[in-house]
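# Breakdown of the fold
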There are 2 protein chains.
Amino acid sequence: MNAVDSVLDAAPVADWRSYPIHVALVGVQTANDHLAVTWSDARVSPFHHQWLRDNCSCSQCVYSVTREQLFEIVDVPPELHPQRTRIDEQGQLLIDWQDGHHSRFHPGWLRAHAYDDASRAERLAQRPQSRLWGAEMSAQLAQFDYPTVMTDDHTLLQWLLAVRDIGLTQLREVPTTEDVLPALAKRLSFIRESNFGVLFDVQSKADADSNAYTSFNLPLHTDLPTRELQPGLQFLHCLVNDATGGESVFVDGFAIAEALRQEAPELFRTLCETPVEFRNRSRTSDYHCLAPIIALDAYGMVSEIRMGNFLRSAFDVPVEQMAALYSAYRRFITMTREPRFRVQRRLDAGQLWCFDNRRALHARTEFDPASGARHFKGCYIDRDELLSRIRVLQR
Amino acid sequence: MNAVDSVLDAAPVADWRSYPIHVALVGVQTANDHLAVTWSDARVSPFHHQWLRDNCSCSQCVYSVTREQLFEIVDVPPELHPQRTRIDEQGQLLIDWQDGHHSRFHPGWLRAHAYDDASRAERLAQRPQSRLWGAEMSAQLAQFDYPTVMTDDHTLLQWLLAVRDIGLTQLREVPTTEDVLPALAKRLSFIRESNFGVLFDVQSKADADSNAYTSFNLPLHTDLPTRELQPGLQFLHCLVNDATGGESVFVDGFAIAEALRQEAPELFRTLCETPVEFRNRSRTSDYHCLAPIIALDAYGMVSEIRMGNFLRSAFDVPVEQMAALYSAYRRFITMTREPRFRVQRRLDAGQLWCFDNRRALHARTEFDPASGARHFKGCYIDRDELLSRIRVLQR
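Scope of this entry: the structure provided in the associated data block. Owing to the predicted nature of the structure, the values given are computational and were not obtained by experimental measurement.

### Quick word on the overall build of chain A
A tally of helices and strands in chain A yields eleven helices and 24 strands. Here chain A holds 395 residues, and 57% of them are scored as buried. Here the contacts in chain A between residues at least 6 apart in sequence split such that 71% fall between residues at least 24 apart. Surface summary for chain A: the accessible area is close to 15,800 Å², and the carbon and sulfur share equals 50%. The positive charge centre, built from 42 side chains, and the negative charge centre, built from 52, are 3 Å apart in chain A.

Have a look at this one:
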C-alpha cells in the first residue's frame, strides 16, 4: 500500500465505515448501460450507469451532516450516460456526466459494493453463522461476569456476539436488585415494552394473565408469538429461587429445525409454509398473529421459530392439509422433548439468562410455591438493537 | 332462539369472546380420521379427531384463570379415536374418547372455527378491507376531536377503525402541550421507543442525525425502514408552525402499489420479490434492514410499504437484475410524485396527524427556518397494539 492509499483509507465515505483498499482499480470500459471496471486481481465488476449516478456521494447529492442522500434517481433521466470516465492518480474512479455533474468513487467503497457474482458470493460467505447446539451446551454455557460486561467494551462485545451466534448466554455475579435490568438494557440500547410492562415479574400469581405466572410446568416456547415481531432478546434475572423445582429448560430451535429439515423434509416444509395463529386474550388486550412456526431468511437459512402451544389458536387450514399439519406439529413438539436437544439448569439468585427469544425455546419445570420464594425479573430488547450495538462496537 | 340457546350464548368458551348460535348442530358421522358434522343449514364440516382432542376446553385441558391450554396434543397418541359421539339436549357435541377423556363442544364455537371450504371463505370475506385513496382525500380527511376521543369510547373506536382502514387521520382541538402524546398513547396502549427517543422532536437542528431534522424537502417515505418491524402508527403533533413552507404531504402507498400492480405487473412483482437494504448510521447506532419495498400478506394483499430513499443502501442484486430493479424503483418513486395520489395540507398548532406508517408515505416540503418557529412532537405505536385495542373495544 502506498502513501496515497493510506490517506484514502482514513476517509469515511458518506457513512461511518472506512473502506481499506486491498485491490486497486486498474481499468474502466464503457458499455451500453454500464461501466465494466477491472481490478488488480483481474476481477471485472460491471456497474450500471444508474447505479453509479444514484450512489454519487458529492456534497450536492448527500447532506454531509446526516450523511443521507438528498438526490433521488428520478431527478435524472434513465438514459443518462457518462461523458468521460477515468481513474485518477489516487486510484479513484471519476465520472463526468452528460448533464455536467461530476462523481468520484473511492476504490475501497466501490469494491465493497460491487455486485458481480464473485463479489456478492464473497459478502455472503462473510455473514455471521449460527452455531447450533444440543444437550452438550449444558456443560459449555457461554458465561460472562456482569461487572465486567458493564465496564469493559471488549467483554460486552464478546457477550453480544455469543447472544447473536449461540443464542443462549448466562451472566453471573449479578446484584439481586431490581435496577439491574434497566442498567443492563441501557448498556445495549433500550427495553422493548409489552402489555406485560417494561419489566415483568415471573412469579406465581393468583390472578395470572399468562401460564408463565403460575407454578405449572411450562412447555418449550418463545415469548409473545402473538406479536408480528416476537421480542428478539429475553432477559431473565433471578432475584430469589428458594422453591423446589422450577428449573430452566432450553432447546436450540434452529438446531431442531435443521434436524427436522434433514430427517423429515416434508414436515419441515409444512412448518415453513403453513401460517398458524397465536393469540393472547385478557380483559384489556387481544393479540392475534398469523405466521409460520419456522421462518427462513432470504438465503433459505432458519431465521426464527415461533412457538407457544398454550397461546395457539385452533388450526385453520383447508381440510386436506390438516392431517399433515398435525404430523409436522407433533414431530416438532416431540423433538423439543428429546434429551439430545435439551439443556436443563437451575438459575440461582445473582444469575441471569439472556437468550435469543426467536431461537432458543425456553421452558420451566413445575415448582412448589409453598417450598420457598421464586422471583425472576424479565425484559425484552429487539434483535435490531443487538445488531446495531455490535456494529458500533466493531467500528 | 330458544331458552337453552340463550344460556349457552352467554357462556364464554375458553376465551373472551362469546359465540352466538346462528346455526344448530343436527348430525354427526364418524369417518376414518375425522367426524363429519352436519348443520341445520345443510353445511357439512369435517373435524379431525386430533383437532377435536387438541381443542378440548375442559378444566383439565385449559387453565380457567388464564384460559390457556395445559394439554399438548403429543400427550395422546396420533391415532386416538372417539369411543362415542352424540349431540346433547343443549345442542352441544359430546365426545367420549377411547382413553376415557370427555370433551364437549359449544356449537357456536365449533361453527366459528369450522375449516370446511365454505366456513373458511366466509371468514375470509369478513376480514377488514383497506379503503384506498388518492388526492380527493385532501377534502375528505377523517377528522376527530381530541377531547371526545379522550373521553368517549365509541369515538375512540371510530378513530381507530379509520386509522386501520384508511391509514390517515387528523385530530383537532388538541392542546399544544408536551403531555398530549403520552396521554393519547395511554388511551391506546403504550409508545414504541426508538433510538430517536420515546418522543421525538421534529425541528431543524444544526447537528441533525436524520434529514427529518433539517429544513429540507423530505421525499415521501415511511419512518424507520431500517428496522425489521417498521413502526405501525406515527403521531405528529403540531405545537407551533409559524414558518413559511413545511407543508405535510401524504400518499396512500397501498393505492400506489395496487395501481402499479394494474399498470405494470412485472414492475410490481420486482418490488415484491427483491430485498432492498435500508440503513441508518450515526455515532451511536448502526441499523440495517433487508426487505422488499412491497410486502404481501398470506392472501396476496399489499400489507406494507417500506420506503425511504435517503436511508437506502446501494442496490445489491445480481448484475442481470439491476436494470429491472431501477425500472421498478423509478416507476414507484415517480408515482409518489403524481398529483392523482398526493394530499398536501398544512398542519397547524393544535392539530395532530395519526397515520399508518407502513402504508401512508409522508413527506414535508422545504421550509424557511428563519421565517418562524416550527415544532412537531412525534411518537410511534405498533400495529399489534392498534388491532388489540380495536378488538377489546368491539367486545
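### So, the relation of the copies chain B and chain A
Of the transformation superimposing chain B on chain A, the axial component is 0.0 Å and the angular component is 180 degrees, with the fit at an RMSD of 0.0 Å. When the rotation and shift are considered jointly, the pair of chain copies conforms to a two-fold rotation axis. Closest to the rotation axis within chain B is the C-alpha of Leu229 of chain B, separated from it by 3.3 Å. Both copies present the same face, since 100% of the interface residues in chain B are matched by interface residues at the equivalent positions in chain A.

### Points about the packing of helix α6 (residues 153–165) of chain A against helix α11 (residues 383–394) of chain A
All names here are of chain A. Remark: α6 packs on α11, axes separated minimally by 10 Å, with the N-to-C direction vectors making an angle of 140 degrees. Between α6 and α11, the angle falls in the class oblique. Every pair of crossing elements has a handedness; the one defined by α6 and α11 is left-handed. In contact with Asp153, Leu156, Leu157, Leu160, Leu161, Val163 and Arg164 of α6, α11 contributes Leu386, Leu387, Arg389, Ile390, Leu393 and Gln394. When the residues that make up the contact of α6 with α11 are grouped by side-chain class, the tally is nine nonpolar, one polar and three charged.

### So, unusual backbone geometry
Residue and element names in this part refer to chain B. The backbone phi angle of Arg67 is positive, close to 60 degrees, even though this residue is not glycine. Summarising the element assignment, Arg67 is placed in the loop between β4 (62–63) and β5 (68–69). Its identity is not glycine, yet Leu224 carries a phi of approximately 55 degrees, on the positive side. As for its position among the elements, Leu224 is in the loop between β12 (218–221) and β13 (233–241). Note on Leu224: relative accessible area 6%, which makes it buried.

### Quick look at the pairing of strand β16 (residues 276–281) of chain B
Counting buried positions over the six residues of β16 of chain B gives five, a clear majority of the element. The turn linking β16 of chain B back onto strand β17 (residues 286–291) of chain B is made up of four residues.

### Focus on the sheet that holds strand β15 (residues 248–252) of chain A
All names here are of chain A. The antiparallel open sheet is built from four strands, whose spatial order is β12-β22-β15-β20. Two strands bound the open sheet, and with one partner strand each, they are β12 (218–221) and β20 (343–345). The sheet shows a mean angle of 15 degrees between the axes of neighbouring strands, taken without regard to direction. Sheet topology places β12 next to strand β22 (residues 360–364); two bridges connect them, and they run antiparallel. Bridging from a neighbouring strand, His221 pairs with His362 of β22. Its contacts with the sheet place helix α8 (residues 253–263) against β15 and β22, and it is angled at close to 45 degrees to β15.

### A few points about α6 of chain A
Helical geometry: 3.6 residues make up each α-helical turn, so side chains three or four residues apart lie on a common side. Given a rise of 1.5 Å per residue, 13 residues ought to cover 18 Å, and the 18 Å separating the end C-alpha atoms of α6 of chain A matches this to within 8%. Positive backbone phi, at 85 degrees, marks Gly167 of chain A, one or two positions downstream of α6 of chain A.

### Side note on the packing of aromatic side chains
Inspection of every chain in the model, using the stated rule, returns 22 aromatic pairs over all chains. When the centroid spacing of 5.8 Å and the interplanar angle of 90 degrees are considered together, the rings of Phe47 of chain B and Tyr115 of chain B count as edge-to-face. Taken as a pair, Phe47 of chain B in strand β3 (residues 44–48) and Tyr115 of chain B in the loop between α3 (107–112) and α4 (117–125) lie far apart in primary sequence, 68 residues in all. Residue classification places Phe47 of chain B among the buried positions, given a relative accessible area of 1%. In this arrangement the basic side chain of Arg374 of chain A is found over the ring face of Phe376 of chain A, its NZ or CZ atom lying 4.2 Å from the centre.

### Some points on the side chain of Asn55 of chain A
Inspection of the secondary structure puts Asn55 of chain A in the loop between α2 (49–54) and β4 (62–63). Given the relative accessible area of 15%, Asn55 of chain A is considered buried. Ignoring anything within four residues of it in the chain, the contact list for Asn55 of chain A reads Phe105 and Trp109 of chain A together with Ala314 and Tyr326 of chain B.

### Examining the interface of chain B and chain A
Of the residues lining the interface, 87 residues belong to chain B; the matching set on chain A comes to 87 residues. Taken together, the two surfaces of chain B and chain A that pack against each other cover about 7,600 Å², and 49% of this comes from carbon and sulfur. Looking at the side of chain B facing chain A, the largest losses of area belong to Glu68, Arg281 and Arg330 of chain B, adding up to 9% of the total buried there. For the pair chain B and chain A, the number of links is 14 salt bridges. Asp286 of chain A is paired through a salt bridge with Arg395 of chain B; the nearest N and O atoms lie 3.2 Å apart. The tally of links between chain B and chain A comes to 44 residue pairs in polar contact (both at pLDDT 80 or more). When contributions to the side of chain B that touches chain A are tallied by element, the ones reaching two or more residues are β3, α2 (49–54), β5, α4, β16, β17, α10 (319–336) and α11 (383–394) of chain B. With eight residues, the top contributor of residues to the side of chain B that touches chain A is α10 of chain B.

### Points about helix α9 (residues 265–273) of chain A
Along α9 of chain A, the residues that are buried comprise Leu267, Phe268, Thr270, Leu271 and Cys272 of chain A. Close packing links the buried residues of α9 of chain A with α8, β18 (294–296), β19 (302–305) and α10 (319–336) of chain A.

### Quick word on the environment of Gln69 of chain B
Tracing the chain through its elements places Gln69 of chain B in strand β5. Accessibility expressed as a relative area gives 12% for Gln69 of chain B, which makes it buried. In this structure, the C-alpha to C-alpha distance between Gln69 of chain B and Gln351 of chain B, residues 282 residues apart in sequence, is 46 Å. Contacts of Gln69 of chain B, omitting those with residues within four sequence positions, involve Asn211, Asn309, Phe310 and Arg312 of chain A together with Asp54, Cys61 and Val62 of chain B.

### Let's talk about the pattern of salt bridges
Counted under the stated rule, the structure contains 54 salt bridges over all chains. As a salt-bridge pair, Asp88 of chain B and Arg104 of chain B come within 3.9 Å of each other at their nearest N and O atoms. With a gap of 16 residues between them, Asp88 of chain B in the loop between β6 (82–87) and β7 (93–97) and Arg104 of chain B in strand β8 (residues 102–105) connect regions that are remote in the sequence. Judged by its relative accessible area of 10%, Asp88 of chain B falls in the buried class. For Arg104 of chain B, a relative accessible area of 48% gives the class partly exposed. Through salt bridges with shared partners, a single network forms among Glu228 of chain A together with Glu304, Arg306 and Arg358 of chain B.

About the cut-offs
Residues numbered from 1 in each chain as written. Chains lettered and ligands numbered in written order. Predicted model: local features only at pLDDT ≥ 70, side-chain atom pairs only at ≥ 80, totals over all residues. Heavy atoms only, no water. Helix = DSSP H or I, 4+ residues; strand = E, 2+ residues; numbered from the N terminus. Buried < 20%, exposed > 50% of the residue type's maximum accessible area, 1.4 Å probe, protein only. Contact = heavy atoms within 4.5 Å. Areas by Shrake-Rupley, 256 points an atom, 1.4 Å probe, with all protein chains shown as cover. Lys, Arg positive; Asp, Glu negative; His and termini not counted. Charge placed at Lys NZ, Arg CZ, Asp CG, Glu CD. Least-squares fit on C-alpha atoms with pLDDT ≥ 70 in both. Axes fitted to C-alpha atoms, helices over the stretch in contact; angles between N-to-C directions. Parallel < 35°, antiparallel > 145°, perpendicular 65-115°, else oblique. Left-handed = near helix turned anticlockwise from the far one by under 90°. Nonpolar A, V, L, I, M, F, W, Y, C, P; charged D, E, K, R; others polar. Pairing = 2+ DSSP bridges. Expected span 1.5 Å × (residues − 1). Phe/Tyr/Trp six-rings, centres within 6.5 Å; stacked < 30°, edge-to-face > 60°. Lys NZ or Arg CZ within 6 Å of the ring centre and 35° of its normal. Buried area = accessible area lost by both parts, 1.4 Å probe. Salt bridge = Lys/Arg side-chain N within 4 Å of Asp/Glu carboxyl O. Polar contact = N/O pair within 3.5 Å; in protein donor to acceptor, adjacent residues only side chain to side chain.

Treat this as a map of the structure, not an account of what it does.
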